[in-house]
Amino acid sequence: MHKTAIETTINGERVEFLCEPRQSMLEVLRDVLGLTGSKEGCLTGDCGACTILVDGRATCSCLMLGVEAAGHKLETVEGLAQGANLHPLQQQFLENASLQCGICTPGFLMSAKALLERNPHPSEAEIRYALAGNLCRCTGYDKIVRAVLEASKATTSKAA
Amino acid sequence: MHAINYEAPKTLKDAIALLAQHGEKARPLCGGTDLIIQLRAGVRRPDHVVDVKKIPELREISFDLQKGLRLGAAVPAIEVYESADVRRYFPGLQEAAHLIGSNQIQSRASVGGNLCNGSPAADTTPALIALGAKCRVAGPKGERMVAAEDFCTAPGRTVLQAGEILVEFQIPVPARHSSDAYLRFIPRNEMDIAVVGVGTSVTLDLDDDRFVDARIALGAVGPTPIYAAKASEALKGKKIDSATIERAAKLAVEQSSPIDDMRGTAEFRRHLVGVLTRRTIGIAIERARLAERR
Amino acid sequence: MAAGTTEGSRFRVIGTRPVRHDGVEKVTGAARYGADYAFPGMLYGRVLRSPHAHAIIKSINVEKARKLEGVRAVVTSADLPELPDRIEQGGELPINLHHLSCNILARGKVLYDGHAVAAVAATSPHIAEEALRLIEVDYEVLPPVMTVEDGMAPNAPILLPSLRNKEDGPDKQTNIAAHVQFKRGDIKDGFSKADYVIERTFKTAMVHQGYIEPHNAVGIYNADGHATIYCSTQGSFVVRSLSAAVLGIPEGKLRVVPAEIGGGFGGKTTIYLEPLSVLLSQKTGHPVKLTMNRAEVLRATGPTSGGTIRCKMGATKDGKLVAAEVWMAYEAGGFPGSPVPMGAMCIIAPYDIPNMVIDAYDVVVNRPKTAAYRAPGATNAAFASETIIDELAEKCGIDPCDFRIKNGAHEGTPQTAGPPYKRIGMIETVEAIKNSPHYKSKLTGKNRGRGVATGFWFNIGFQSSAMVNIHNDGTASVVTGSVDIGGSRASMAIITAEVLGLDVKDVRPLIADTDAIGYTDVTGGSRTTVATGLAVYEAAQDAVRQLKERAAKLWEKKPEEVEFNNGMLSAKANGVKPMSIKDIVPRLGRTGGPITGRATVNARAVGPAFATTCVDVEVDPDTGKVSILRATVAQDAGKAVHPSYVEGQMQGGTVQGLGWALNEEYFYDSKGVLRNTGLLDYRMPTCLDLPMIETVIVEVPAPGHPIGSRGVGEVSIVPPPAAVANAIARAVGVRMTELPMSPGRVVKAILSKDGAAVASAAAD
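Residues numbered from 1 in each chain as written. Chains lettered and ligands numbered in written order. Predicted model: local features only at pLDDT ≥ 70, side-chain atom pairs only at ≥ 80, totals over all residues.

1. Some details on the overall build of chain C
For step 1, the next point in the chain: A tally of regular secondary structure across chain C gives 21 helices and 28 strands.
For step 2, the next point in the chain: The C-alpha radius of gyration of chain C comes to 27 Å, within 12% of the 27 Å expected for a compact globule of 764 residues.
For step 3, the next point in the chain: Principal-axis analysis of the C-alpha atoms gives chain C an extent of 85 × 75 × 50 Å.
For step 4, the next point in the chain: Taken across its 764 residues, chain C has 62% of its residues classed as buried. (Helix = DSSP H or I, 4+ residues; strand = E, 2+ residues; numbered from the N terminus. Rg over C-alpha atoms; globule rule 2.2 N^0.38 Å. Buried ≥ 20, exposed ≤ 12 C-beta atoms within 10 Å, placed from the backbone.)

2. Here we look at the interface of chain A and chain C
For step 1, the next point in the chain: The interface of chain A with chain C comprises 45 residues on the first partner and 42 residues on the second.
For step 2, the next point in the chain: Looking at the side of chain A that touches chain C, the elements that each hand over two or more residues are helix 2 (88-95), helix 3 (105-118), helix 4 (124-130) and helix 5 (142-154) of chain A.
For step 3, the next point in the chain: The residue inventory of the side of chain A that touches chain C, partitioned by class, reads 25 nonpolar, ten polar and ten charged. (Contact = placed C-beta atoms within 7 Å. Nonpolar A, V, L, I, M, F, W, Y, C, P; charged D, E, K, R; others polar.)

3. What about the interface of chain B and chain A?
For step 1, the next point in the chain: On the side of chain A, 23 residues touch chain B, which itself brings 23 residues to the contact.
For step 2, the next point in the chain: For the side of chain B that touches chain A, the elements supplying multiple residues, two or more each, are strand 1 (5-7), helix 2 (35-41), strand 3 (48-51) and helix 7 (103-108) of chain B.
For step 3, the next point in the chain: The element that contributes the greatest number of residues to the side of chain B that touches chain A is helix 7 of chain B, accounting for five residues.
For step 4, the next point in the chain: The residue inventory of the side of chain B that touches chain A, partitioned by class, reads ten nonpolar, nine polar and four charged.

4. A few points about the domain arrangement of chain A
Reports of interface size often rely on the accessible area that becomes lost once the parts have come together.
Residues and elements named next belong to chain A.
For step 1, the next point in the chain: You can read the domains of chain A as domain 1 (4-79) and domain 2 (88-154).
For step 2, the next point in the chain: Using only C-alpha atoms to locate each centre, domain 1 and domain 2 end up separated by 21 Å.
For step 3, the next point in the chain: Between domain 1 and domain 2, the contact holds 14 residues from the first and 13 residues from the second.
For step 4, the next point in the chain: Among the elements of the structure, strand 3 (51-54) and strand 4 (57-60) are those that each provide at least two residues to the side of domain 1 that touches domain 2.
For step 5, the next point in the chain: A breakdown of the residues in the side of domain 1 that touches domain 2 according to their chemical character gives seven nonpolar, five polar and two charged. (Domains from an automatic or database assignment.)

5. Focus: the domain arrangement of chain C
Residues and elements named next belong to chain C.
For step 1, the next point in the chain: Domain boundaries assigned for chain C yield domain 1 (420-457 + 608-751) and domain 2 (461-603).
For step 2, the next point in the chain: Using only C-alpha atoms to locate each centre, domain 1 and domain 2 end up separated by 38 Å.
For step 3, the next point in the chain: Facing 16 residues of domain 1, the contacting portion of domain 2 comprises 13 residues.
For step 4, the next point in the chain: Across the side of domain 1 that touches domain 2, the residue classes break down as seven nonpolar, seven polar and two charged.

Here's what the structure looks like:
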């Protein structure tokens, strides 16, 4: 039951943590680092509630071991806002009532962020394709897609 | 999850040595989108997990008009999708890579891992078989090449021996007037494992309106992905018309041996083999007719 | 007047769309759901579950597990008291506590794959998981009973040896837990008057609510015998009373703190892990966190019933429904209590049918014990009745909307059970669809079709408590016990702001634990806006009454002489300077102290809800794949307090209904083991499977409610499976009678179509 020391970057800050090899990145975030914004929904990569960005790519943190984080740049929902300034995606989710229970919201925000950084003005079809790995059971997705469309009007090619 | 040891060797030699040393007690880790699920479920219980993502040969993707495509086994599907060369010369493979799962899965899952997992339903395998891909395998006894259609031996099992690693795929430059297509059937629009997958490549004689060559491969309808040799042969040299295509589709159905499971009945799957064979042949023909001269 | 505006409205805040008060926490990941809680010294628990669908437990040996390093406690049903095996009145709903306790930890028998058998607490979840492998259980495997037909068969294996039903008497062992019947008029006479009679048998599959957040509970047992549970639940008071009963402790020793909840849809109105968290905490002296993984959620929580429905309806050739006869049997799971009585009461509820007989059976089978799922029982039923009605409309040559309007229930129409309807909006929802841009648009293209269906749900009232505190700066907070699953706390703030004349941003909504607020029934049954909203309304009115009394004191007038309008206190006769709440607050101390308005209700005046849904589909006849091209739902909300969240309920329910229609089902193998234990093969719709969901909020105010609101949370799930089936019929000419209408089934239906099917194959 030995633990390894891992050094990585999370939300722009250097972070060090200890973890067992069998602990997923999701467990590390939630149980070791106290970053509970990423959620566990299925542990099989089928719901996207644990989505974080790894080197700018949307990734299911439940399907990554904590030890694999070394040397990479990770982003979680906790890093989206800049202090008190919400990211346009967060703002649009609120204004469009795009969340009901809110458990899927962090995952959607991260997937949408990755999308807008690569494709700043996606069509509805492109948004739906990019978010197909994030399940929501409350909203029927309508208001989520609308929020991303609205946010794409606010962002330029590299989001704030 | 049971306790595991984790290593991330930086060279192919080191990786082979580690895998050879631990044998059955070690398992390579690439994207993790299959292995981590299996570790949690207790389906595989290796003591050692060997991360292959730091090995340079496994991460490279290159194309030239002599050697064709060299696709490292650990290249994530999203990079395969984004490769302009793959898009231009191997659109069926690109389609297959883009269907492996959600964006999140594609960020991690690799074509090599998809094959080594040994699932008969792996999306990229029929596309690879259709393209005549060869797999470069390296191990303690040296290297060997394995045809993609020979790689899987049973559900979850491959030809890899203790200490062996899949290094890369080698796919020849397509002949003139060739193209490929991959279609799979799933109940939703994304996120599902293929109920049936069919990969087809064709080479055409445009002047005579005939098939010069064809390869049809089937996924999720047998214990391993299947190279449908009879169906493929049935196209070679024949006129491009619906009777020929129908015959090939029928033969493809005969070469499939699907089971009933929660993703589909055997009857439904056989029906779909016919439908998807017909459709992929049609798409490949369209693409081959439009393919740029090289 | 469109929902979402206050133009011409009698309300200033009700009907607007403010950003929800808990929004920032939710979009920044700061909101704390049950699994996010951590306490010093906390241990992790996991549950051992039966791999067999039906078996006797001969012995359990936990010694090896106990000895594993890091394990602190192992418990089985032997650590819980035995509870009486009879129906008790537990709060509002009758409950068999013995069955409840056995579902928490099996006693003597396991009744489904996944049935909890033991629980472990350890220093890490991985160690707890390893400990489960060391628990040795000796099972005697019995044959599984998996369908209602199997359960009702004469020599069926018996699941619960002590189960009896009234009809078969005290000496007959049975799997039929209940039979209810509803009757009106004379169906023989009714059918004799019919020109067209259609009868079909329908099968529906077991489906799960599919909330993204698995169940969780953190239990903290104090040395003084008091315990606290932090959990994601739809009803903290239910958790308290049921957990206390299972543990054998007085309710007053248990405090339940509701965390934020990641979806429930009815599935989190009961208990699974909560008493185990307290039990393990008691044994270990540490807080213990238990969570389920997805496989456990699917195997061992409360999906809703599949079953069989035989439905026969008759109409005259001018389109009047004259008779309905229904036989329906639903899967209860391992213990009695399917929603078949509700299904029976809903199946023809939207219509005025003079003659009917409905026989409904609750059957135990070796599947998990079913729990509520959004309008429980109604969706299965509507799949049967709404497709038959569609066929009858076609036979009569009448447009499906017109057919429903012609036969629609209205004020005075008898209900299947209970008094006649008061003012309802059924016909208005059909008309809203008929007049919608969707319905008016032409659907062109091959293999495309349009389908319509209407659904009904009762909505419940029950008990709620509320407090409104006036703060020193003239702002207010409103405290309720209603967990917020979908944005309801914003509605509570809206109602409070409306009554107090405040800006909605100056009202803070809170959800309190079971000691801090009075008894409140679950967030479910579409009751929150109506019943808790009523309590909030009355609590705010109570605060206003107290404000008037204080102003009267200050002005040396009688309270009846003081008015309160738009947040201003004034005297009916002149001569005093009006005061805002902000003005009077500094003077509350000297006039008697701070002001807290309070109210408790047991809401009776509850308006039922109707929804009508229209769906356009395209069917690929070679693969059977059904694509949803367009969907519109019209629902009567009475009065939408926060229209964005009403729309959200309508859209969410519609999409769950579409998933139920197309691909969701439980697959059990021949041994009764669940094969699709993950979200890969339990196929819920992704956003790539759907178009935008258009909504029309119809507002026919509910009589007797000060705001006129009707419950909105549930009914939208009811029509979609039937609407999709009706659309498929028009697209490719086949009538689907089994859910889900997955591609394999659609292809089979198309290939076996013998030309006698009714609909034409292509829209014009």
